[in-house]
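Okay, here's what each chain looks like letter by letter:
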Amino acid sequence: FLPAADGLGSIAIDTTQLNMSVTDPTAWATAMNNLGMVPVGLAGQQLVTDSICVPGFDPSLSMMTGITPINPMIPGMGLVPPPPPTDVPVVKEIIHCKSCTLFPPNPNLPPPSTRERPPGCKTVFVGGLPENATEEIIQEVFEQCGDITAIRKSKKNFCHIRFAEEFMVDKAIYLSGYRMRLGSSTDKKDSGRLHVDFAQARDDFYEWECKQRMLAREERHRRKMEEDRLRPPSPPAIMHYSEHEAALLAEKLKDDSKFSEAITVLLTWIERGEVNRRSANQFYSMVQSANSHVRRLMNEKAAHEQEMEQAKESFKNALTGILTQFEQIVAVFNASTRQKAWDHFSKAQRKNIDIWRKHSEELRNAHSEQLMGIRREEEMEMSDDDSGDNPSKKLRVDDSALAAQAYALKEENDSLRWQLDAYRNEVELLKQEKGQLFRTEESLTKDQQLQFLQQTMQGMQQQLLSIQEELNNKKSELEQAKEEQTHTQAMLKVLQEQLKSAKELAEINGHDESQANEINVLTVALVNQDREKNSEKRSPGLKSEKEALLIGIISTFLHVHPFGANIEYLWSYMQQLDSRISANEIEMLLMRLPRMFKQEFTGVGATLEKRWKFCAFEGIKTI
């Protein structure tokens, strides 16, 4: 730190901490004192940024001492200082405004607590405001932190302030803990301790989500552009077949530079099925043109093989020269290891020479093995050539010109034969088309009517079979119901006769009333037993272990739903456990067990709903 008397003109002023009204002398004096700009008459004052404000400082002294006045309207200036470094203790100062004064909290107290910052937070909660604080005063205090877009003040001494940017919220949090006093009043309604905290606002979160979506879109666009840049180019589109395009393609097939492109088009046409009796002759000529390039390709292959042989020969010669130099280097190392020269080297030099000799010998052996491998390959090729040099081969080499002429004549013969076949195919096509013209429209309509009648007859037969099956099922069900009814009537008559006889015996023998009740209980038990048998006959038992598991799961689900559940809700739950089960299977299983599950209807008209309930606890009492 430098004293003010040692040259005030060399002071660098941080303009990022100034923003105040020129008409307020108190705020101006406080800012001058905070910057360490003290008149010459005040000796011993240092340039400290965390000094305490001097309320009695006269702003006119700056003109007397020659201090250059500072423009307070420079952009970026503010009364609230930026957050200090982490290694420097935070010392807050008094902040003077036009309508109020903010007094800092006790530095020995812990910093005020804040909630977790919501994403994209631009809104702060300000509590502990004075009762007489107005929206204009709040605007005056917090507009030093940044542009304010909205202030929502409550009647209970708190408000919400929304800033234009997120970094302005951090400046507003800095004011948490300050005591706010309106003017110079000492009334309780004119003072209060501020508590500033992050607020969770829907608008902030919506803007943050929009920003994230925009960034995601940009990232996807960037990745797509990168993928498009790295993707190999698409092959050119193949044109559709036509006689004009076929003629152009035949010319391209004869050109060596355009052959690869043309052969691709020809292959695509053949795979698409463009070859028919009319176009077979044209396609054959194009295939023949493609075959004519075989000789050219074989000549190119021979030229490349010759170049490869020359490259092999040059490589073998270079490798032989390298191997000769390796032999010379190894000979130098071997001569150095003899006693005449070896005794004059130091221990470190001998060690290095020995390492170099071993490394050179390894490289020489590797190169010699490679050269021997090349020579063995050449010998094998020469042996193959010798074994193939027989008299028949020499005759073939001598008669190559005659063979080429014979091959050309054969190709011409084949082309003429294919042309003749193409003409025959065209004649047959014309005959078939002429025969189809004589077919009358009446025969076509008769065939269509016959097919339609056959289809309707088949449909009616299928419907008749299904109706017969349903009739047989209904008859069997009706017979079972009649048998059950006759059985129950017979059992009822037997029980009634037993009951009458038992009562007569009780009256004759003088039994008491308890014995009569036991007889009644016995008869009721017999009736229930008979009902159980009938129900067992009606509902067959469980078919598999899977049905038992389904009944257990459904019972548990309906037990925790005392008001019941519809079949769609139950099926959606069962789908999570077994995706292959259907709603129809669940409903059939519930209908087979009427004592465990019962069906009820709720609602009226359009709101009518069918619900299933678990009634096993009620049904077990009736068993």
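Residues numbered from 1 in each chain as written. Predicted model: local features only at pLDDT ≥ 70, side-chain atom pairs only at ≥ 80, totals over all residues. Heavy atoms only, no water.

Going by an unreviewed UniProt entry, the chain carries the name ENOX1 protein and comes from Halcyon senegalensis.

A. View of a negative patch on the surface. Taken together, the side chains of E305, E309, E377 and E381 make up a negatively charged region of the molecular surface. Elements with a contribution of two residues or more to the negative patch: helix 9 (293–336) and helix 11 (347–388). With respect to the helices, strands and loops of the structure, E305 is situated in helix 9. (Patch = residues over 30% accessible without salt bridge, like charges linked within 9 Å, V, L, I, M, F, W, Y side chains within 5 Å. Areas by Shrake-Rupley, 256 points an atom, 1.4 Å probe, with all protein chains shown as cover. Salt bridge = Lys/Arg side-chain N within 4 Å of Asp/Glu carboxyl O. Lys, Arg positive; Asp, Glu negative; His and termini not counted. Charge placed at Lys NZ, Arg CZ, Asp CG, Glu CD. Helix = DSSP H or I, 4+ residues; strand = E, 2+ residues; numbered from the N terminus.)

B. Inspection of the sheet that holds strand 4 (residues 148–153) at higher detail. The strand order across the open sheet formed by 4 strands is 4-5-3-8, and the pairing between neighbours is antiparallel. The open sheet has two edge strands, strand 4 and strand 8 (195–198), and neither has a second partner. The sheet shows a mean angle of 20° between the axes of neighbouring strands, taken without regard to direction. Here strand 3 (residues 123–127) pairs with strand 5 (residues 158–163) via 5 bridges, running antiparallel. Residue T123 lies in a different strand from strand 5, and its bridge partner there is R162. Most of the contacts of helix 3 (residues 135–142) go to strand 4, to which it runs at about 140°, and overall it touches strand 3, strand 4, strand 5 and strand 8. (Pairing = 2+ DSSP bridges. Axes fitted to C-alpha atoms, helices over the stretch in contact; angles between N-to-C directions. Contact = heavy atoms within 4.5 Å.)

C. Up close: unusual backbone geometry. Positive phi is not limited to glycine here, since N157 has a value of about 65°. Relative to the elements of secondary structure, N157 occurs in the loop between strand 4 and strand 5. Overall, N157 belongs to the partly exposed group, its relative accessible area being 25%. (Buried < 20%, exposed > 50% of the residue type's maximum accessible area, 1.4 Å probe, protein only.)

D. Expanded view of helix 16 (residues 545–559). The end-to-end C-alpha distance of helix 16, which contains 15 residues, comes to 21 Å, matching closely the 21 Å that a straight helix rising 1.5 Å per residue would cover. Those residues of helix 16 that sit buried are E547, L550, I551, I554, S555, F557 and L558. Burial along helix 16 is one-sided: seen end-on, the buried residues are contained in an arc of 165°. For helix 16, the exposed residues lying more than 90 degrees away from the buried face are E545, L549 and T556. Packed against the buried residues of helix 16 are helix 17 (567–577), helix 18 (583–592), strand 9 (597–602) and strand 10 (609–614). (Expected span 1.5 Å × (residues − 1). Arc of directions from axis to C-beta.)

E. Summary view of the packing of aromatic side chains. In total, this model carries 10 aromatic pairs according to the counting rule given. For the ring pair Y241 and W269, a centre distance of 5.3 Å and an interplane angle of 85° mean the geometry is edge-to-face. Of this pair, Y241 sits in the loop between helix 5 (202–230) and helix 6 (243–254) while W269 sits in helix 7 (residues 259–272); the two residues are 28 residues apart in sequence, bridging distant segments of the chain. Each member of the pair, Y241 together with W269, is buried. The structure contains a cluster of three or more aromatic residues connected by ring pairs, namely Y241, W269 and F283. The ring of F259 is capped by R296, whose NZ or CZ atom sits 5.8 Å from the centre of that ring. (Phe/Tyr/Trp six-rings, centres within 6.5 Å; stacked < 30°, edge-to-face > 60°. Lys NZ or Arg CZ within 6 Å of the ring centre and 35° of its normal.)

F. Region of the structure containing the sheet that holds strand 2 (residues 100–103). Judged by pairing direction, the sheet is antiparallel, and its 4 strands sit side by side in the order 1-2-6-7 without closing on themselves. In this open sheet, the two edge strands, each paired with only one partner strand, are strand 1 (95–96) and strand 7 (191–193). The pairing of strand 6 (residues 179–182) with strand 7 spans 3 bridges and is antiparallel. Across the sheet, residue R179 finds its bridge partner in strand 7, namely R193.

G. View of the confidence of the model for the chain. Looking at the chain, the pLDDT average stands at 77 and 74% of residues meet or exceed 70. For residues 1–25, every residue scores under 50 in pLDDT, and the model assigns this stretch 50 contacts once sequence neighbours within four places are set aside. Counting interchain partners and residues more than four positions distant, the pLDDT-below-50 stretch residues 27–80 has 96 contacts. (pLDDT = per-residue confidence, 0-100.)

H. Region of the structure containing the UniProt feature "coiled-coil region" (unreviewed entry) in the chain. The sites that carry the UniProt feature "coiled-coil region" (unreviewed entry) are, in the present numbering, residues 287–314 and 406–498. In residues 287–314, the share of helix is 96% and the share of strand is 0%. The end C-alpha atoms are 41 Å apart. (UniProt positions renumbered as here; feature names shortened; annotations may be inferred.)

I. Expanded view of the packing of helix 7 against helix 8 (residues 280–291). At a minimum axis distance of 11 Å, the contact between helix 7 and helix 8 shows a crossing angle of 140°. The pairing of helix 7 with helix 8 is recorded here as oblique in orientation. For the crossing formed where helix 7 meets helix 8, the hand is left-handed. Of the residues in helix 8, those touching helix 7 at F259, I263, L266, W269 and I270 are F283, M286, V287 and A290. Classifying every residue of the contact of helix 7 with helix 8 gives 9 nonpolar, no polar and no charged. (Parallel < 35°, antiparallel > 145°, perpendicular 65-115°, else oblique. Left-handed = near helix turned anticlockwise from the far one by under 90°. Nonpolar A, V, L, I, M, F, W, Y, C, P; charged D, E, K, R; others polar.)

J. Summary view of the nonpolar core. Of all hydrophobic cores here, the largest spans 30 residues; its most connected members are V126, V141, F142, I161, F163, L175 and M180. Mapped onto this core, the elements with two or more residues apiece are strand 2, strand 3, helix 3, strand 4, strand 5, helix 4 (167–173), strand 6 and strand 8. Setting aside anything within four residues of it in sequence, one finds V126 in contact with F142, N157, F158, C159, I161, L194, H195 and V196. If you look at the next biggest cluster of nonpolar residues, it comprises 16 residues, including I551, A565, I586 and F597. (Core = buried A, V, L, I, M, F, W, Y, C linked by side-chain atoms within 4.5 Å.)

K. Broad picture of the side chain of E587. Take E587: it is sitting in helix 18. Those residues in contact with E587 that sit more than four places away from it in its chain are I567, Q599, K610 and W612.

L. Quick peek at a nonpolar patch on the surface. Residues L549, I553, Y573 and L577 make up a contiguous nonpolar surface patch of about 360 Å² in total accessible area. Elements with a contribution of two residues or more to the nonpolar patch: helix 16 and helix 17. Mapped onto the secondary structure, L577 falls in helix 17.

M. A look at the side chain of K316. As for its position among the elements, K316 is in helix 9. The exposure class of K316 is buried, given its relative accessible area of 14%. Sequence-distant contacts of K316, defined by excluding residues within four places in its chain, comprise L371, I374 and E378.

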